[in-house]
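# Notes for the structure review
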Amino acid sequence: MKYCSIGSGSSGNCHYVGYKNTNILIDAGLSGKKIIEGLQDIDIDAKNLNGILITHEHVDHIKGVGILSRKFNLPIFANYNTWMSIRDKIGKVDENNIIIFENDKSYSINDIAIKPFSITHDAVDPVGYSMINERGEKLSIATDTGQITDTIRENVLDSKLVVLESNYDKEMLLMGSYTYALKKRVMSNIGHLSNEDASKFAVELINKGTEKILLAHLSRENNFPALAYETSNHILSENGIKIGKDVEIDILRRDTLSKIHEVGK
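Please read all numbers here as calculations on a predicted model, not as lab measurements.

## Here we look at the sheet that holds strand β14 (residues 261-262)
One open sheet accounts for 7 strands, arranged β6-β5-β4-β3-β2-β1-β14; its pairing is mixed. Two strands bound the open sheet, and with one partner strand each, they are β6 (98-101) and β14. Bridging between strand β4 (residues 51-53) and strand β5 (residues 76-79) involves 2 bridges; their strand directions are parallel. Bridge pairing in β5 places I52 opposite I76. Running over the sheet, helix α1 (residues 32-41) touches β1 (2-7), β2 (14-19) and β3 (22-26) and is turned about 140° from β1.

Written as structure tokens, this is what we have:
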């Protein structure tokens, strides 16, 4: 499987996953134009997409969904509560392209098996996703969650690659310009993961065989890439894990494509 981030952060999130003849997006929170151009940059024609998986209804995850669905006749996959929340925000789409799934039940899009699992965020029914190829190699995406629950652990701990939220540095957040209410929301169990939270979970992931961890959804105001990386490096080192030897760590950027990461090589 191949993974590429087209955008990651509060200004827009979009992940590409491909395997054999299957090409899917997880979220489409950028403009349709930017997503199409990002796919072109990695030699993927948007006409060959097979669907868009929605994690939750916030605008930085759905901005381009309706545009892409209409332009390329693309199915939209979401649970019932999320669909009811986004349907009036994305414009009219073909009813045949509305695919409602149940959380924690697996289904397939061509060559990729997909399992949506519940996460904790201030949305109606947010999910992460695990994607598995025919060889049993797994890639998981877990962002926009305020805590690492047992459900998240059960679904991602045996993944080869994990896209993991590392949203904020606690000291930067507390000292920053956010209102007290917003700071409380970000740090709550339905907010976001801090660098430290992500790094501690990364230790668990690596001990269960994860080979690549991509730190995602960094806050513009309360984090920066070097700090997220250094927090990971520090906590992993304390646990006897060496970046570059035991695991690959990459930071997903807000406005630029990531490199293409491959699972199973």
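## Comments concerning the packing of α1 against helix α3 (residues 65-72)
At a minimum axis separation of 8 Å, α1 and α3 run at an interaxial angle of 65°. In this structure, α1 uses G32, I35 and I36 to contact α3, whose residues at the interface are I67, L68, K71 and F72. Residues of the contact of α1 with α3, tallied by class, amount to 5 nonpolar, 1 polar and 1 charged.

## What to know about the pairing of β6
With 4 bridges joining them, β5 and β6 adopt parallel strand pairing. Bridging from a neighbouring strand, I76 pairs with I98 of β6.

## Details of the packing of aromatic side chains
For the structure on display, the rule yields 3 aromatic pairs. Seen from their ring centres, F77 and Y107 are 5.7 Å apart, and the 10° between their planes marks the pair as stacked. Of this pair, F77 sits in strand β5 while Y107 sits in strand β7 (residues 107-109); the two residues are 30 residues apart in sequence, bridging distant segments of the chain. What makes F77 buried here is its relative accessible area of 8%. A centroid spacing of 6.1 Å and a plane angle of 80° characterise the contact between F101 and Y129, whose relative ring orientation is edge-to-face. One end of the pair, F101, is in strand β6; the other, Y129, is in strand β9 (residues 127-132), and 28 residues separate them in sequence. Each member of the aromatic cluster is reached from another via a ring pair, and the members are F77, F101, Y107 and Y129.

## Comments concerning the environment of R135
Mapped onto the elements, R135 comes out in the loop between β9 and β10 (138-142). Overall, the relative accessible area of 54% leaves R135 in the exposed class. Between the alpha carbons of R135 and G264 there is a distance of 8.7 Å; along the sequence they are 129 residues apart. If sequence neighbours within four positions are ignored, R135 has contacts with Y19 and G264.

## Notes on the pattern of salt bridges
On inspection of all chains with the given rule, the structure shows 13 salt bridges. E134 serves as the salt-bridge partner of K20, at 2.4 Å between the closest nitrogen and oxygen. Note that K20 is positioned in the loop between β2 and β3 and E134 in the loop between β9 and β10, a separation of 114 residues in sequence. K160 is the salt-bridge partner of E211, the closest N and O atoms lying 3.5 Å from each other. A residue pair is termed long-range when its members are at least 10 positions apart, and E211 in the loop between α8 (195-207) and β12 (212-216) and K160 in the loop between α5 (150-156) and β11 (161-165) qualify at 51 residues. Of the residues examined, E211 reaches a relative accessible area of 40% and is grouped as partly exposed.

## A short note on the pairing of β3
The element β3 is extensively covered by neighbouring structure, given that 5 of its 5 residues are classed as buried. Burial along β3 is two-sided: T22, I24 and I26 and N23 and L25, pointing in opposite directions, are all buried. As paired strands, β2 and β3 are joined by 5 bridges and run antiparallel to one another. In the strand pairing of β3, H15 is matched with I26. Following β2, the chain reverses through 2 residues before pairing antiparallel with β3; K20 in that reversal takes a positive phi of roughly 55°. Across 3 bridges, β3 lies against β4 in parallel orientation. Among the inter-strand pairings, I24 is bridged to a residue of β4, identified as G51. Traced from β3 through α1 to β4, the parallel crossover comes out right-handed.

Definitions and limits used
Residues numbered from 1 in each chain as written. Predicted model: local features only at pLDDT ≥ 70, side-chain atom pairs only at ≥ 80, totals over all residues. Heavy atoms only, no water. Pairing = 2+ DSSP bridges. Helix = DSSP H or I, 4+ residues; strand = E, 2+ residues; numbered from the N terminus. Contact = heavy atoms within 4.5 Å. Axes fitted to C-alpha atoms, helices over the stretch in contact; angles between N-to-C directions. Nonpolar A, V, L, I, M, F, W, Y, C, P; charged D, E, K, R; others polar. Phe/Tyr/Trp six-rings, centres within 6.5 Å; stacked < 30°, edge-to-face > 60°. Buried < 20%, exposed > 50% of the residue type's maximum accessible area, 1.4 Å probe, protein only. Salt bridge = Lys/Arg side-chain N within 4 Å of Asp/Glu carboxyl O. Right-handed = clockwise from strand over helix to strand, strands pointing away.

By themselves these figures say nothing about function.
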